2 protein chains.
Amino acid sequence: MFTPQVVKAPTSADVALAAGVSRATVSFVLNDKPNSRVSDDTRHRVLEAARLLGYTPNTAARSLASGEAVAGLLVASSAADHGATVARALDALLARTVDDGIDALRHADTATTGAEAGQLWAKLRPEAVLAESARCDGEATEVLRLAGVRALIVHGTTAVDYAPSLVIPQRPFGGLAVEHLAALGHEHIVYLAPATPGPAAAERLAGARETAELLGVRLDVTHAAASARTLRDWAHGLRYDAHAPTAIAASDDGLAMAAIRALADAGLRAPADLSVVGADDHPGAADFLPRLSTITFDADALAGTLLDAFARMRAGERVELLEAPPVRLVARESSAAPAR
Amino acid sequence: MFTPQVVKAPTSADVALAAGVSRATVSFVLNDKPNSRVSDDTRHRVLEAARLLGYTPNTAARSLASGEAVAGLLVASSAADHGATVARALDALLARTVDDGIDALRHADTATTGAEAGQLWAKLRPEAVLAESARCDGEATEVLRLAGVRALIVHGTTAVDYAPSLVIPQRPFGGLAVEHLAALGHEHIVYLAPATPGPAAAERLAGARETAELLGVRLDVTHAAASARTLRDWAHGLRYDAHAPTAIAASDDGLAMAAIRALADAGLRAPADLSVVGADDHPGAADFLPRLSTITFDADALAGTLLDAFARMRAGERVELLEAPPVRLVARESSAAPAR
DNA sequence: TTGAAAGCGGTACCAC
DNA sequence: GTGGTACCGCTTTCAA
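All of these numbers come straight from a predicted model, not from anything done at the bench.

J.: Break down the overall build of chain A for me, citing the residues and quoting the values.
T.: The helix and strand inventory of chain A stands at 12 helices and 12 strands. On C-alpha atoms alone, chain A measures out to a radius of gyration of 27 Å, which is more than a quarter above the 20 Å that the 2.2 N^0.38 rule sets for 340 residues. Each principal axis of the C-alpha distribution contributes one length, and for chain A these read about 90 × 50 × 30 Å. Out of the 340 residues belonging to chain A, those deemed buried represent 53%. Taking the contacts inside chain A whose residues are at least 6 apart along the sequence as the reference set, 71% of them involve residues at least 24 apart. Each charge class in chain A was averaged separately, 32 positive and 41 negative side chains, and the resulting centres sit 4 Å apart.

Below is the structure:
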């Protein structure tokens, strides 16, 4: 049974002693240095000694001595604030780093911002950092730069001027939803936003507004918690409203599902009575009843873009602006032409 | 615009020089040592110099000198393999660590296992480690112990004898689903498992089998990808089967939703024609049409248990066995008594 | 082919 | 109150 060690961990000196060689030799062997001329016999003895002692190199010491980073990539993004599509992209990124032999770490702290956050990340002396622009400001960037971070990408809905930006516009999510519904013939749409919209949700709403104005369709806005109560009242109101909208654009698929659900409780059906389109291609959206039309972009592609950009920055190339893949409509059953 | 630094990062020596004091004094001031009698003037000069230089302490160096860990908690669990409820618990754990001032990091690598994985984690010299038993075997545990890890918890469906275990039995997920359906009066249930069940899914199925046997209800098993095709054929078969089951227990909510969807396509409705119960209380399950009955446990409670256990282990207390909160049924609309 | 020794950036003990 | 200094574990010349 595991029980914490009281004596100190074996060091390379212990290995050297056990193998009857010097610490330098141990270092050579264990790191498999290209032009280290160590005899096969010595090498073997060192390896064996290391195995026997259960030796594990100390990253801190190695980093200190060699100057190499403790972590390959530090991801300091809360994901939750940027919609499910971005969250998927981050997961994909992490998954791909291991294939590339980059040891990526994800920071649990998602609250700290500004210079303080910069310090938090810089302390680890990572080679690369991915952060959200909302938390990584100019000061934080400077801290990271001074700490020797080689590559930094901040992401947000717009570009920043102090660091390479990955722009993930949220407006098109709202815009494309409205565009899609308008194209189907809907002239009165209601936009369903979260009760307390985060930055991403606010942008999506703004995008919907812009597009609605542009296309000359009427857009009402309702804020609702995903929880049923609010939505039920709201749907019920719709039921008896002669001038009710014919379509709903929801800020995300969760809201869209909840809306459809509330509609059903009020005796309204999608898409027969109202069309509904969501966002983020929630797992399950494709199997929802009705199958949910949604707006998303290719998360894997974004992961690839990021990985590529980091590779380029590491190679010394300068990166300024990265763009998320264009959002696209996944038209399924929940949106259709309005009933006449 | 961010551009990597060429000169080296400022060190505490630079700060000392700038402030006209010694490195020792800088260390005292920056760490706000309790009984360090540093004059207010000196303290101020040091702080100012640090700010001006954009100084960030080097965790590696600090860890090396003080012996303290580089990371407070290292989470090395893929989450994906343990069902959505466990994934939620991990997220909750990470969220709570920051409140407790523990700097937790999550490892991106989810593939490495055994001693090799142990090395991977131990290199960071974390204070505590949370790993899945499938990847952290006896050897890995020993490596971690030797590396000075103070607290280790491995989690899996059963306890292991080499380390403190968090047991998260998956069988009750299947068992309780069957029990619920049987209690409603269903005597012929079909269990819907993923096409390629992971360890958790396999356990859930086994649990369903056990309980079915115990209660004397018939349990058929169907493996299906969540994708529609297989399910559609399957549902269609059900449609014209005089001896068709009257209920479905799905391995997870995603599958349950897909099943209901496929059923609907085949002209069958839940719960009127078949009852359905899922698992993991998927966000959206409550708003599904019909609202999905599901099996889950309190993820926040599990996070609390873990945090508490880590605290105890850090305090030197010995922890052997931790148990996940009991699974519970969330009865909603999708499951009901069979039609006569 | 191997060993000796000088750091890397901090911490902490012990003088002054 | 403040500075000197011996480590922490490892890498990396440079000699032997």
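J.: An account of the protein's contact with DNA strand C is needed here, citing residue identities and associated values.
T.: Near DNA strand C there are 28 residues, and of these A:S22, A:R37, A:T42, B:S12 and B:R23 occur at the shortest range. In DNA strand C, the atoms that sit within 4 Å of the protein are 62% sugar and phosphate, with bases accounting for the remainder. Between DNA strand C and the protein, one listed contact pairs a phosphate oxygen with a side-chain N or O atom of A:T25 at 3.0 Å. Contributing elements (two or more residues each) for the surface near DNA strand C: α2 (23-31) and α4 (59-66) of chain A together with α2 (23-31) and α4 (59-66) of chain B. For the surface near DNA strand C, the element with the most residues is α4(B), which contributes five residues. Looking at the surface near DNA strand C, its residues break down into 11 nonpolar, 12 polar and five charged.

J.: Lay out the protein's contact with DNA strand D in plain terms, naming residues and giving numbers.
T.: Taken together, 28 residues lie near DNA strand D, and A:S12, A:R23, A:Y55, B:R37 and B:T42 sit nearest. Within 4 Å of the protein, the contacting atoms of DNA strand D are drawn from sugar and phosphate to the extent of 67%. The separation between a phosphate oxygen of DNA strand D and a polar main-chain atom of A:N58 is 3.3 Å. At the level of secondary structure, the elements contributing two or more residues to the surface near DNA strand D comprise α2 and α4 of chain A together with α2 and α4 of chain B. Of the residues that constitute the surface near DNA strand D, the class distribution is 11 nonpolar, 11 polar and six charged.

J.: Describe the relation of the copies chain A and chain B, listing the residues and the values that go with them.
T.: Turning chain A through 180 degrees and shifting it by 0.1 Å along the axis lays it on chain B, with an RMSD of 0.2 Å. Considering both components of the superposition, the chain copies are consistent with a two-fold axis. Residue A:A60, judged by its C-alpha, is the member of chain A lying nearest the rotation axis, at 2.1 Å.

J.: Account for the interface of chain A and chain B, naming residues and giving values.
T.: Accessible area lost on assembly of the parts is the figure often given for the size of an interface. On the side of chain B, 65 residues touch chain A, which itself brings 66 residues to the contact. Together, the buried faces of chain A and chain B total about 5,800 Å²; carbon and sulfur atoms form 61% of this surface. By the criterion of area lost to chain B, the three top residues of chain A are A:M1, A:F2 and A:R261, representing 15% of everything that side buries. At the boundary of chain A with chain B, the tally comes to three salt bridges. For the interface between chain A and chain B, the tally reads 18 residue pairs in polar contact (both at pLDDT 80 or more). A total of six residues in the side of chain A that touches chain B trace back to one element, the largest contributor, which is helix α11 (residues 253-265) of chain A. When the residues that make up the side of chain A that touches chain B are grouped by side-chain class, the tally is 40 nonpolar, 12 polar and 14 charged. Sheet topology note: the strand β2 (residues 104-107) of chain A/strand β2 (residues 104-107) of chain B ladder contains three bridges and is antiparallel. Bridge pairing in β2(B) links A:H107 to B:L105.

J.: I'd love a proper account of the packing of α2(A) against helix α3 (residues 40-53) of chain A, names of residues and values included.
T.: Residue and element names in this part refer to chain A. Two elements in contact, α2 and α3, have axes separated by 10 Å at closest approach and are oriented at 85 degrees. Classed by the angle they form, the pair α2 and α3 counts as roughly perpendicular. The segment α2 lies against α3, with T25, V26, V29 and L30 engaging T42, R43, V46 and L47. Its residues placed into classes, the contact of α2 with α3 shows five nonpolar, two polar and one charged.

J.: How would you explain the sheet that holds strand β6 (residues 188-194) of chain A if you had to name every residue and give the values?
T.: All names here are of chain A. Ordered by their spatial adjacency, four strands build an open sheet running β7-β6-β8-β9, and the pairing between neighbours is parallel. The open sheet has two free edges, formed respectively by β7 (218-224) and β9 (275-277), since each of these has just one partner strand. Across this sheet, the average inter-strand angle for adjacent strands is 20 degrees, counted without regard to direction. Pairing between β6 and β7: seven bridges, direction parallel. Within β7, the residue paired with I189 across the bridge is L219. Taken strand by strand, helix α9 (residues 199-215) contacts β6 and β7, and its axis lies near 165 degrees from that of β7.

J.: So what about the domain arrangement of chain A? Which residues, and what values?
T.: Partitioning chain A into structural domains gives domain 1 (12-57), domain 2 (73-168 + 300-327) and domain 3 (171-296). Placing the centre of domain 1 of chain A and that of domain 2 of chain A at their C-alpha centroids yields a distance of 37 Å.

J.: Describe the environment of B:P271, listing the residues and the values that go with them.
T.: Residues and elements named next belong to chain B. With respect to the helices and strands, the residue P271 is situated in the loop between α11 (253-265) and β9 (275-277). On the basis of relative accessible area, P271 is assigned to the partly exposed category, the value being 25%. Distance from P271 to A337, taken between C-alpha atoms, is 8.2 Å for residues 66 residues apart in sequence. With sequence-adjacent residues up to four places away left out, P271 is seen in contact with E333, S334, S335 and A336.

Thresholds, definitions, all that
Residues numbered from 1 in each chain as written. Chains lettered and ligands numbered in written order. Predicted model: local features only at pLDDT ≥ 70, side-chain atom pairs only at ≥ 80, totals over all residues. Heavy atoms only, no water. Helix = DSSP H or I, 4+ residues; strand = E, 2+ residues; numbered from the N terminus. Rg over C-alpha atoms; globule rule 2.2 N^0.38 Å. Buried < 20%, exposed > 50% of the residue type's maximum accessible area, 1.4 Å probe, protein only. Contact = heavy atoms within 4.5 Å. Lys, Arg positive; Asp, Glu negative; His and termini not counted. Charge placed at Lys NZ, Arg CZ, Asp CG, Glu CD. Near = heavy atom within 4 Å. Polar contact = N/O pair within 3.5 Å; in protein donor to acceptor, adjacent residues only side chain to side chain. Nonpolar A, V, L, I, M, F, W, Y, C, P; charged D, E, K, R; others polar. Least-squares fit on C-alpha atoms with pLDDT ≥ 70 in both. Buried area = accessible area lost by both parts, 1.4 Å probe. Salt bridge = Lys/Arg side-chain N within 4 Å of Asp/Glu carboxyl O. Pairing = 2+ DSSP bridges. Axes fitted to C-alpha atoms, helices over the stretch in contact; angles between N-to-C directions. Parallel < 35°, antiparallel > 145°, perpendicular 65-115°, else oblique. Domains from an automatic or database assignment.

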